[in-house]
Amino acid sequence: MSASVPLGPVVAWILLATLAGGRCYASDRKAHVRGINRAGWDAGALLAEAARRCPSLRDALAALDKTNVIVLVEFKDVGPRQPPGALHYIGTGHGYRYVQIILFPFARRNEQIATLAHELQHAMEIAADPSVRDQASLRELYRRIGDEVEDNIFETDLARQAYRLAIGELTSTPARTEKR
Ligand SMILES: [Zn+2]
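Below is a summary of the structure that appears in this document. Worth saying up front: this structure is predicted, and the values here are computed from it rather than measured. For every chain, the first residue of its written sequence is number 1, and the numbers climb from 1 along that sequence. Totals for whole chains, interfaces and linings use all residues, but because this is a predicted model, local features are given only for residues with pLDDT of at least 70 and pairs of side-chain atoms are given and counted only at 80 or more.

A closer look at the overall build of the chain
Of the regular secondary structure elements, the chain holds six helices and nine strands. Here exposure depends only on C-beta density: within 10 Å of a residue's C-beta, 20 or more other C-beta atoms make it buried, 12 or fewer make it exposed, and intermediate numbers make it partly exposed, the C-beta atoms being placed from the backbone. Within the chain, buried positions represent 39% of all 180 residues. Any residue pair is listed as a contact if its two C-beta atoms, each placed from the backbone, are within 7 Å. In the chain, of all internal contacts separated by at least 6 residues, the share reaching a separation of at least 24 is 70%. Helix and strand definitions here come from DSSP, where helices need a minimum of 4 consecutive H or I residues and strands a minimum of 2 consecutive E residues; each element is numbered from the N-terminal end.

Some details on unusual backbone geometry
Residue Ala 39 is not a glycine yet carries a positive backbone phi of 55 degrees. If you trace the backbone, Ala 39 turns up in the loop between β3 (33–38) and β4 (41–42). Although it is not a glycine, Asn 152 sits at a positive phi angle of roughly 65 degrees.

With respect to the environment of Cys 54
Tracing the backbone shows Cys 54 in the loop between α2 (43–53) and α3 (55–65). Separated by 116 residues in the primary sequence, Cys 54 and Leu 170 have C-alpha atoms spaced 6.4 Å apart. Other than its neighbours up to four places away in sequence, Cys 54 contacts Ile 113, Ala 117, Ala 166, Glu 169 and Leu 170.

Points about the nonpolar core
Definition of nonpolar core: a set of buried Ala, Val, Leu, Ile, Met, Phe, Trp, Tyr and Cys residues joined via C-beta atoms within 7 Å. In terms of nonpolar packing, the biggest core is built from 44 residues, with Val 71, Val 73, Val 99, Leu 116 and Ala 117 touching the most fellow members. Discounting residues that sit within four places of it in the chain, Val 71 has contacts with His 32, Val 33, Arg 34, Leu 64, Val 99, Ile 101 and Ala 123.

Structural notes on helix α5 (residues 135–145)
Among the residues of α5, those classed as buried are Gln 135, Leu 138, Leu 141 and Tyr 142. The buried residues of α5 occupy an angular sector of 115 degrees when the element is viewed end-on, so they sit on one face. Turned more than 90 degrees away from the buried face of α5 sit Ala 136, Arg 143 and Arg 144, all of them exposed. By definition, the arc is the one covered by directions from the helix axis to the C-beta atoms.

As for the packing of helix α4 (residues 109–127) against helix α6 (residues 157–172)
Their axes nearest at 8 Å, the elements α4 and α6 cross at an angle of 145 degrees. As for the relative orientation of α4 and α6, their crossing is right-handed in sense. Contacts from Asn 110, Ile 113, Ala 114, Thr 115, Ala 117, His 118, Gln 121 and His 122 in α4 reach Leu 158, Ala 159, Ala 162, Tyr 163, Ala 166, Ile 167 and Leu 170 in α6. Three classes are used, and their members are as follows: Ala, Val, Leu, Ile, Met, Phe, Trp, Tyr, Cys and Pro are nonpolar, Asp, Glu, Lys and Arg are charged, and the others, Gly among them, are polar. Here the contact of α4 with α6 is built from residues that sort into 10 nonpolar, five polar and no charged. Axis lines are fitted to C-alpha atoms, over the contacting stretch for helices. Their N-to-C directions set the angle, which ranges from 0 to 180 degrees. Here is the rule for handedness: rotate from the far helix to the near one, and if that takes an anticlockwise turn smaller than a right angle the crossing is left-handed, while a clockwise turn gives right-handed.

So this is what it looks like as structure tokens:
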């Protein structure tokens with residue numbers, strides 16, 4: 001659960017790779033937060049379940065729809081030291097700013113959803129600051145509003161709160177008794 005700012009050159013190619021390689025968006029293509037279904041890991045299904053079970057997360061999705069930030073959510077197995085979630089700035093174009101949320105595919109469902117809520121809070125922090133246009137300005141924002149918990153990994157209190165709020169909502173809305 002980190003707003004990680006990867007080192008290295010601009011990673012616009014990641015956006016291209018994502019769009020070309022993703023099988024489909026399981027969620028509404030007009031929505032600003034979009035789940036990608038890749039390798040059998042369906043982030044669109046996660047988004048749908050999260051929106052059903054977590055009012056706070058539903059609010060975050062609606063709020064992000066009113067911004068110029070597009071959030072691509074996907075599960076990815078990136079190795080043994082993978083955090084439960086991470087957010088990367090991937091590019092700016094056509095009036096939109098694109099970020100990517102990566103979730104750990106092997107976590108428990110409630111953990112995945114609460115981590116998504118946490119990372120969406122970071123997306124809202126970026127949405128609220130139009131000066132974020134690339135990785136350098138993203139780093140500036142988090143130096144201002146966050147704590148650097150590890151080298152180049154930042155955290156905010158609001159994101160920690162979003163996680164705890166989602167866990168509370170999930171506990172009171174078990175997946176099995178969910179009305180469809
Ligand atoms: Zn975080």
